[in-house]
Amino acid sequence: MKEKAIVLLSGGLDSATCLAIARNQGFDCYCLSFDYGQRHSAELQAADRVVKALGAVEHRVINFGLAQFGGSALTDTSIAVPVDGVQAGIPVTYVPARNTIMLSLALAWAEVLGSRDIFVGVNAVDYSGYPDCRPEYIAAFETMANLATKAGVEGQKLHIHAPLINLSKAEIIRTGHALGVDYGLTVSCYQADELGRACAVCDSCRLRAEGFAAAGIPDPTPYRT
């Protein structure tokens with residue numbers, strides 16, 4: 001029997017690549033997506049498309065309402081999404097506690113399934129400065145996971161896999177392209193419209209477009225303009 005892995009799947013470029021990597025490593029994949037009060041549902045529709053294209057044993061969408069706290073341009077429509085290029089520091093698109101909550105829920109499902117492996121598509125090279133995308137954060141969460149779970153305490157060590165963490169966006173795209181990922185199915189834009197069309201000017205759009213250009217692979221992203 002194949003080992004089981006939980007894969008966090010947002011519907012974006014990175015998480016789709018992460019799913020392809022987990023499958024290529026021989027895992028049976030259980031995908032977990034989240035409706036956390038983000039600006040649009042286009043990325044969840046994209047996650048569904050990615051699962052259907054790449055395959056998974058199961059795909060679940062969990063709702064938790066970070067929009068009731070706000071504090072991020074992705075969960076509070078009164079805060080504008082930056083469109084003037086990637087700036088130094090932590091941007092207003094950072095969502096407080098988002099990755100910690102997502103990984104914790106993945107951890108719960110992993111224990112129930114008897115899985116010791118969780119895949120997350122965080123990246124610390126071509127990213128927007130989020131503190132919960134750094135290697136030290138992933139290492140700390142893995143340590144916590146093995147202290148806080150029945151499986152970890154009983155010696156079934158849990159692993160948090162972040163295979164993209166030290167890759168450039170171009171390297172991520174080349175990796176996924178080699179594994180057959182159709183990036184036209186994905187949505188990365190922070191403010192995509194109801195059809196999933198990208199704005200072309202937010203940080204995520206800029207990093208994505210630069211990645212395709214550097215990789216020498218045509219960008220399949222549908223843009224509004």
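Given the structure is predicted, the values throughout are model-derived calculations rather than measurements. Each chain has its residues counted from 1, running along the sequence as written. Residue-level local features of this predicted model are given only where pLDDT is at least 70; pairs of side-chain atoms are given and counted only at 80 or more, and the full residue set underlies all totals for whole chains, interfaces and linings. By convention in this description, side-chain values take in all heavy atoms of the structure and omit both hydrogens and water.

**Regarding the overall build of the chain**
The way it works is that DSSP assigns letters per residue, a run of H or I at least four long becomes a helix, a run of E at least two long becomes a strand, and they are numbered from the N terminus. What the chain contains, in helices and strands, is seven helices and five strands. For the chain, the sequential pattern of α-helices and β-strands runs β-α-β-α-β-α-β-α-α-β-α-α. Taking the principal axes of the C-alpha coordinates as reference, the chain spans close to 55 × 40 × 30 Å. Burial classes: relative accessible area under 20% of the type maximum marks a residue as buried, over 50% as exposed, and values in between as partly exposed (1.4 Å probe, protein chains only). For the chain, the proportion of its 225 residues judged to be buried stands at 49%. In what follows, a contact means two residues having at least one pair of non-hydrogen atoms within 4.5 Å. Across the chain, every contact between residues at least 6 apart in sequence was considered, and the portion connecting residues at least 24 apart equals 72%. Carbon and sulfur atoms provide 53% of the accessible area of the chain, an area that totals close to 10,200 Å². Areas reported as accessible are Shrake-Rupley estimates using a 1.4 Å probe. Residue values count occlusion only from the protein chains shown.

**What to know about helix H6 (residues 169-178)**
Since the α-helix advances by 3.6 residues per turn, residues separated by three or four positions end up pointing in the same direction. Those residues of H6 lying buried are Lys 169, Ala 170, Ile 172, Ile 173 and Gly 176. The arc enclosing the buried residues of H6, seen along the axis, measures out at 160°, which places them on a common side. Packed against the buried residues of H6 are helix H1 (13-24) and helix H7 (203-215). Gly 180 sits one or two positions beyond H6 and adopts a positive phi of about 85°. The directions considered for the arc run from the helix axis to the C-beta atoms.

**Details of the side chain of Glu 43**
Within the secondary structure layout, Glu 43 lies in helix H2 (residues 42-54). Counting rule for charge: Lys and Arg are taken as positive, Asp and Glu as negative, and neither His nor the chain ends is counted. Any carboxyl oxygen of Asp or Glu that lies within 4 Å of a side-chain nitrogen of Lys or Arg is treated as forming a salt bridge with it. Arg 98 provides the closest opposite charge to the buried, unpaired Glu 43, separated from it by 6.1 Å. The residues touching Glu 43, leaving out its near neighbours within four places in the chain, are Ser 10, Gly 11, Tyr 36, Gln 38 and Val 187.

**What to know about the packing of aromatic side chains**
Any two rings among Phe, Tyr and Trp, with Trp reduced to its six-membered ring, count as a pair given centres within 6.5 Å; such a pair is stacked if its planes are under 30 degrees apart, edge-to-face if over 60, and tilted if neither. Taken as a whole and judged by the stated rule, the model has seven aromatic pairs. With a centroid separation of 6.4 Å and 50° between ring planes, the pair formed by Tyr 137 and Phe 141 is classed as tilted. With Tyr 137 and Phe 141 both in helix H4 (residues 135-148), this residue pair falls four residues apart, about one helical turn. Summarising the aromatic geometry, the rings of Tyr 183 and Phe 212 are spaced 5.8 Å apart at their centres and angled 80° between planes, so their arrangement reads as edge-to-face. Linking Tyr 183 in the loop between H6 and H7 with Phe 212 in helix H7, this pair joins segments that are 29 residues apart in sequence. Here the two residues Tyr 183 and Phe 212 agree in accessibility, since each one is buried. Aromatic ring contacts, followed pair by pair, group Phe 34, Tyr 36 and Phe 64 into a single cluster.

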